[in-house]
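Listed below are the residues making up each chain.
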Amino acid sequence: MEARKKVAFYTLGCKLNFSETSTIARSFQDEGFDRVDFEETADIYVINTCSVTENADKQFKQIVKKALKNNDKAFVAAVGCYAQLKPEELVAVDGVDLVLGATEKFKITDYINDLSKNDMGEVHSCEISEADFYVGSYSIGDRTRAFLKVQDGCDYKCTYCTIPLARGISRSDTLENVLKNAKEISAQNIREIVLTGVNIGDYGKGEFGNKKHEHTFYELVQELDKVEGIERLRISSIEPNLLKNETIEFVSKSRTFVPHFHIPLQSGSNDILKLMRRRYLRGVYTERVNKIREVMPHACIGVDVIVGFPGETDAHFLETYNFLNEMDISYLHVFTYSERDNTPAATMDGAVPNNVRAKRSKMLRGLSVKKRRAFYESQIGTTRTVLFESENREGYIHGFTENYVKVKIHWNPELVNTLQEVKLLSIDEDGLVKAEFTQKPQVIDADNTNIFETLLA
């Protein structure tokens, strides 16, 4: 009997990419392949690329080299955003056999014939305007949470961004299908679902192949909250102009949605926001944060910000720094602007020198450390619920509270993938929060017995 073929995956970039890799992996498993780790010997290596990652081309070459080191006769395929934007660049990399664009990636098994390496790599990549259909997907992360894709593509025209070029127009999964996927996930004993998409606040657009909104993001949130078996739902990232007060108020009273919002700002200067063609000014951002704080004082609020955008003077940067410093937010994700081909920003005047970009990035990263610590300190003494993860990290098990405080407790494998009530005690040297159980941990086995009661007896 012929041995089953093996396939391995490497994913770069965002949670959406991880979700889509899982869907592609399932299509291979349906065709009789076994999935193995990327470090292992496989017959096919699939690399899901990202166009936002710094040094994407260099990183890609290193990953291809790693795959061929495991098996120099392996078939190597590249999919994803970078594969859509620069297919010729990727196919020129030594050892690459196949490059698939935005629509083709979900049909990868159709393009793989006899697995023999090609003398010259093949490219199958449609015009991005043809990427107008939706493929639903979800991924199971570390056994405790899943990433559920609800939307793809973007109709916004931010001047620095290649995502519309890489992923096409905004389109959504049907509400029926999202709920079906959510039920499938909850049936696998997954405690938390993270909603992902390119622009999830735009959910509903393109649900039935047109621009009409049949459902809204608010309606999606309401329906997901009713799904039995899901214990936590988290919104990954949502534009400030699309995060409505009704959604904020619903989350504050929700059964499953957690008090954690990640809201891109990009700049605290209205001048720069206009140059970026963002769809809001800083006043809207302030209103959203204030509304969250009004109804959920304990909520975690994360912020995306870009430094070094063309035309950003020292005065503009200080506007951003002071705006964020004065605002009651919890942490920052700081991105250093880098020029992208075929974007309006790449040809704008006022390029900021790289050393200045780096200095500004360092300042905001320092501010982020202060903000996170202040947020953690504000939570000391409170009682929260922690979802524990699956790794033993130097004798400790880590987990996140509903409001995204990272907690550590002495390692016990029985805690993995359980939700436990704890009291937050103090911030440790590594910046994580030490906690203690408010009661004996509840871990119920198949016989309906609390495992901890047995262990402690």
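Residues numbered from 1 in each chain as written. Predicted model: local features only at pLDDT ≥ 70, side-chain atom pairs only at ≥ 80, totals over all residues. Heavy atoms only, no water.

Named according to an unreviewed UniProt entry, the chain is Threonylcarbamoyladenosine tRNA methylthiotransferase MtaB originating from Flavobacterium zepuense. Quoted verbatim from the Sequence similarities (unreviewed entry) field of the UniProt record, the comment on the chain reads "Belongs to the methylthiotransferase family. MtaB subfamily." According to the UniProt record, the Catalytic activity (unreviewed entry) comment for the chain reads "N(6)-L-threonylcarbamoyladenosine(37) in tRNA + (sulfur carrier)-SH + AH2 + 2 S-adenosyl-L-methionine = 2-methylsulfanyl-N(6)-L-threonylcarbamoyladenosine(37) in tRNA + (sulfur carrier)-H + 5'-deoxyadenosine + L-methionine + A + S-adenosyl-L-homocysteine + 2 H(+)". (UniProt positions renumbered as here; feature names shortened; annotations may be inferred.)

### Side note on the sheet that holds strand 15 (residues 331-336)
The 3 strands lie next to each other as 13-14-15, forming an open sheet whose pairing is parallel. The sheet is open, and its two edges are formed by strand 13 (260-266) and strand 15, each paired on a single side. Averaged over all adjacent pairs, the angle separating strand axes in this sheet is 20°, with direction ignored. One ladder, built from 6 bridges, connects strand 14 (residues 300-307) with strand 15; its direction is parallel. (Pairing = 2+ DSSP bridges. Helix = DSSP H or I, 4+ residues; strand = E, 2+ residues; numbered from the N terminus. Axes fitted to C-alpha atoms, helices over the stretch in contact; angles between N-to-C directions.)

### So, the sheet that holds strand 16 (residues 383-393)
In space, the 5 strands of this closed barrel follow the order 16-17-18-20-19, with mixed pairing throughout. Across the sheet, the axes of successive neighbouring strands diverge by a mean angle of 55°, strand direction being ignored. Relative to strand 20 (residues 433-437), strand 18 (residues 406-410) runs parallel, the two sharing 2 bridges. By the bridge assignment, Val 407 is partnered in strand 20 with Val 433. Packed onto the sheet, helix 13 (residues 354-379) meets strand 16, strand 18, strand 19 (419-427) and strand 20 and runs at close to 115° relative to strand 19. (Contact = heavy atoms within 4.5 Å.)

### Observations regarding unusual backbone geometry
Not every positive phi belongs to a glycine, and Gln 266 is a case in point at roughly 75°. Topologically, Gln 266 is positioned in strand 13. The phi dihedral of Arg 277 falls on the positive side, at around 60°, and the residue is not glycine. Mapped onto the secondary structure, Arg 277 falls in the loop between helix 10 (270-276) and helix 11 (282-295).

### A closer look at the pattern of salt bridges
Considering all chains together, one arrives at 28 salt bridges under this definition. In this structure, Asp 152 engages Lys 149 in a salt bridge whose closest nitrogen and oxygen atoms are separated by 3.3 Å. For the pair Asp 152 and Lys 149, a shared accessibility class is recorded, and that class is buried. The salt bridge involving Arg 360 is made with Asp 314; its shortest N-O contact spans 2.7 Å. Here Arg 360 is found in helix 13, whereas its partner Asp 314 is found in helix 12 (residues 314-326), with 46 residues between them in sequence. For Arg 360, a relative accessible area of 5% gives the class buried. Asp 314 sits in the exposed class, given a relative accessible area of 54%. Shared partners join several salt bridges into a network, and the residues in it are Arg 145, Glu 192, Arg 232, Arg 234 and Glu 389. (Salt bridge = Lys/Arg side-chain N within 4 Å of Asp/Glu carboxyl O. Buried < 20%, exposed > 50% of the residue type's maximum accessible area, 1.4 Å probe, protein only.)

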